[in-house]
Amino acid sequence: MDCRIIKSPGEDTLAILNRRKGSGAKTALETPDAVGLVQGKLIEMVCAADVAEKAVGVTVEDIRGSCPQNMIMLAIFGDTASVESAIEEIKRRDKERKW
């Protein structure tokens, strides 16, 4: 599984993510302090979404690929500390295989 954090994401970066999120561009998020990105096997991303969702102060969205039904990535939106905490917990659980 591959994870990245974008601190203070740019307007155009947020526009790209907003267009591709599973809930659709109509439900725009307020500008987050950070965005965590998680890419991997579908089963890993669903488990990672659950871990992140249980973290305080983050919103989790699936990011669509070229086909609407093709999830390619998760985006975790929130304040920097919460996003970092969610990503670290995802990495820890992945390393230990404790989903």
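Residues numbered from 1 in each chain as written. Predicted model: local features only at pLDDT ≥ 70, side-chain atom pairs only at ≥ 80, totals over all residues. Heavy atoms only, no water.

Draft legend 1. Structural detail: the overall build of the chain. Within the chain one finds three helices and four strands. Moving toward the C terminus, one meets the helices and strands of the chain in the order β-α-β-α-β-β-α. Seen through its principal axes, the chain has C-alpha atoms that stretch 35 × 30 × 20 Å. Evaluated residue by residue, the chain yields a buried proportion of 36% over its 99 residues. Entry remark: accessible area of the chain is about 6000 Å², with carbon and sulfur atoms responsible for 50%. (Helix = DSSP H or I, 4+ residues; strand = E, 2+ residues; numbered from the N terminus. Buried < 20%, exposed > 50% of the residue type's maximum accessible area, 1.4 Å probe, protein only. Areas by Shrake-Rupley, 256 points an atom, 1.4 Å probe, with all protein chains shown as cover.)

Draft legend 2. Spotlight on the nonpolar core. In this structure, Val38, Leu74, Ile76, Val83, Ile87 and Ile90 are the most contacted members of the largest nonpolar core, which totals 16 residues. Listed by contribution, the elements that provide at least two residues to this core are β2 (34-39), α2 (42-53), β4 (71-78) and α3 (80-96). The element that contributes the greatest number of residues to this core is α2, accounting for five residues. Apart from the residues within four sequence positions on either side, Ile87 is in contact with Cys3, Arg4, Ile5, Gly36, Leu37, Val38 and Ile76. Within the second largest apolar cluster, eight residues are counted, among which are Leu17, Val35, Ala75 and Phe77. (Core = buried A, V, L, I, M, F, W, Y, C linked by side-chain atoms within 4.5 Å. Contact = heavy atoms within 4.5 Å.)

Draft legend 3. Structural detail: the sheet that holds strand β3 (residues 58-64). Here four strands make up an open sheet; going across it, the order is β1-β2-β4-β3 and the pairing antiparallel. The outermost strands of the open sheet, each flanked by one partner alone, are β1 (2-7) and β3. Along the sheet, successive strands turn relative to each other by an average axial angle of 20 degrees, direction set aside. Bridge count between β3 and β4: seven bridges; the pairing is antiparallel. Across the sheet, the residue bridging to Asp62 is Leu74, located in β4. The sheet strands contacting helix α1 (residues 11-20) are β1, β2, β3 and β4, and the helix crosses β3 at an angle near 70 degrees. Against the sheet, α3 contacts β1, β2, β3 and β4, and its axis sits at roughly 170 degrees relative to β1. (Pairing = 2+ DSSP bridges. Axes fitted to C-alpha atoms, helices over the stretch in contact; angles between N-to-C directions.)

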